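Residue-level listing of the chains:
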Amino acid sequence: MLLEINFILLLAIILFSGCSHGMISLWKNINSVHDQIYMGRVSRDLLAILEFQLTFHTQVAKIQNVEGRCVLHCSCLGGAKEKSFFCKKYPKVNAYGFYQSVQTKGKTPGINPLSPPDMGVTSFQVKRLSKHMVKVDFTLTVLGTGRHKAYTGILYLRNGVKQRKKKVAAL
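Report on the accompanying structure. (Residues numbered from 1 in each chain as written. Predicted model: local features only at pLDDT ≥ 70, side-chain atom pairs only at ≥ 80, totals over all residues. Heavy atoms only, no water.)

### What to know about the overall build of the protein
When its secondary structure is counted, the protein shows 1 helix and 8 strands. Counted from the first residue to the last, the protein has its helices and strands arranged as α-β-β-β-β-β-β-β-β. The C-alpha extent of the protein, read off along each of the three principal axes, is 90 × 60 × 25 Å. Each of the 171 residues in the protein was classed as buried or not, and the buried ones make up 29%. Restricting the contact set of the protein to residue pairs at least 6 apart, pairs at least 24 apart contribute 40%. (Helix = DSSP H or I, 4+ residues; strand = E, 2+ residues; numbered from the N terminus. Buried < 20%, exposed > 50% of the residue type's maximum accessible area, 1.4 Å probe, protein only. Contact = heavy atoms within 4.5 Å.)

Right under this line is the structure:
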């Protein structure tokens, strides 16, 4: 009887140790997938904000380097507002976030974070490709795990007017 109990306990320990290793690796993979999905969502949100601004509200876009960091300045249609997109340090964390500054004539500028506080933006670069097109490169980092990924977007300056597709004559 005692030998049977020891054998059952030994078998249970072997099974548990085999399963626990698999469970630990599964847990690590789930966290990695979660971080990848989270970074993808945040990158799509940031690119959508920039695309909306450049497509419908910007009359003139300027790219500047301020203190070694890239800043995208957008003069809005009508000339009453200016928006700037840039990276700056989070107040309480040793990481950079993505921010938008809105300057309305006659008012003090407002600065709003666009990236969540647990997501760092380690690089942000804007490069002019043509008169009406820019390339945006940025790298996101999940601050809790350190996982990071680079993202790129091509954005168009359309001066607030939706461009219509030209009709092609049938042959």
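### Quick word on the nonpolar core
Grouped together as the largest cluster of nonpolar side chains are 26 residues, with contacts concentrated most on F124, V136, F138 and L140. Mapped onto this core, the elements with two or more residues apiece are α1 (2-57), β2 (69-76), β3 (81-89), β6 (119-130), β7 (133-142) and β8 (148-156). For this core, the element with the most residues is α1, which contributes 7 residues. With near-sequence residues (within four places) excluded, F138 lies in contact with S43, L46, L47, V121, S123, F124, K149, A150 and Y151. One finds V71, Y90, A95 and Y99 within the second-largest nonpolar core, a separate group that totals 5 residues. (Core = buried A, V, L, I, M, F, W, Y, C linked by side-chain atoms within 4.5 Å.)

### Some details on the environment of L10
Residue position: L10 is located in helix α1. Judged by relative accessible area, L10 falls into the partly exposed class, the value being 48%. Each C-alpha atom, one on L10 and one on L114, is 55 Å from the other, the two residues being 104 residues apart in sequence.

### Details of the sheet that holds β7
As summarised here, the arrangement of the 3 strands in space is β6-β7-β8, forming an open sheet in which the pairing is antiparallel. The sheet is open, and its two borders are formed by β6 and β8, each paired with just one other strand. Taken over all neighbouring pairs, the strand axes of this sheet differ in orientation by 15 degrees on average, direction set aside. (Pairing = 2+ DSSP bridges. Axes fitted to C-alpha atoms, helices over the stretch in contact; angles between N-to-C directions.)

### Describing the sheet that holds β3
Read across the open sheet, the 5 strands follow the order β1-β2-β3-β4-β5; overall the sheet is antiparallel. Strands with a single pairing partner mark the edges of an open sheet, and in this sheet they are β1 (58-66) and β5 (110-113). On average, each strand axis in the sheet is tilted by 25 degrees relative to the strand beside it, whichever way the strands run. The pairing of strand β4 (residues 96-104) with β5 spans 4 bridges and is classified as antiparallel. When the bridges of β5 are listed, V102 appears paired with G110.

### Things to note about the pairing of β2
By the bridge criterion, 8 bridges tie β1 to β2 in an arrangement that is antiparallel. Residue I63 lies in a different strand from β2, and its bridge partner there is L72. Between the antiparallel neighbours β1 and β2 lie 2 residues, among them E67 with a positive phi of about 55 degrees. Here β2 pairs with β3 via 4 bridges, running antiparallel. Within β3, the position partnered with C74 by the bridge is K83. Joining the antiparallel neighbours β2 and β3 is a turn of 4 residues, in which G78 adopts a positive phi near 95 degrees.

### Some words on the environment of T104
Tracing the chain through its elements places T104 in strand β4. Expressed as a C-alpha distance, the spacing of T104 and V136, which sit 32 residues apart in the sequence, is 25 Å. With residues up to four places along the chain from it excluded, the contact list for T104 reads A80 and K81.

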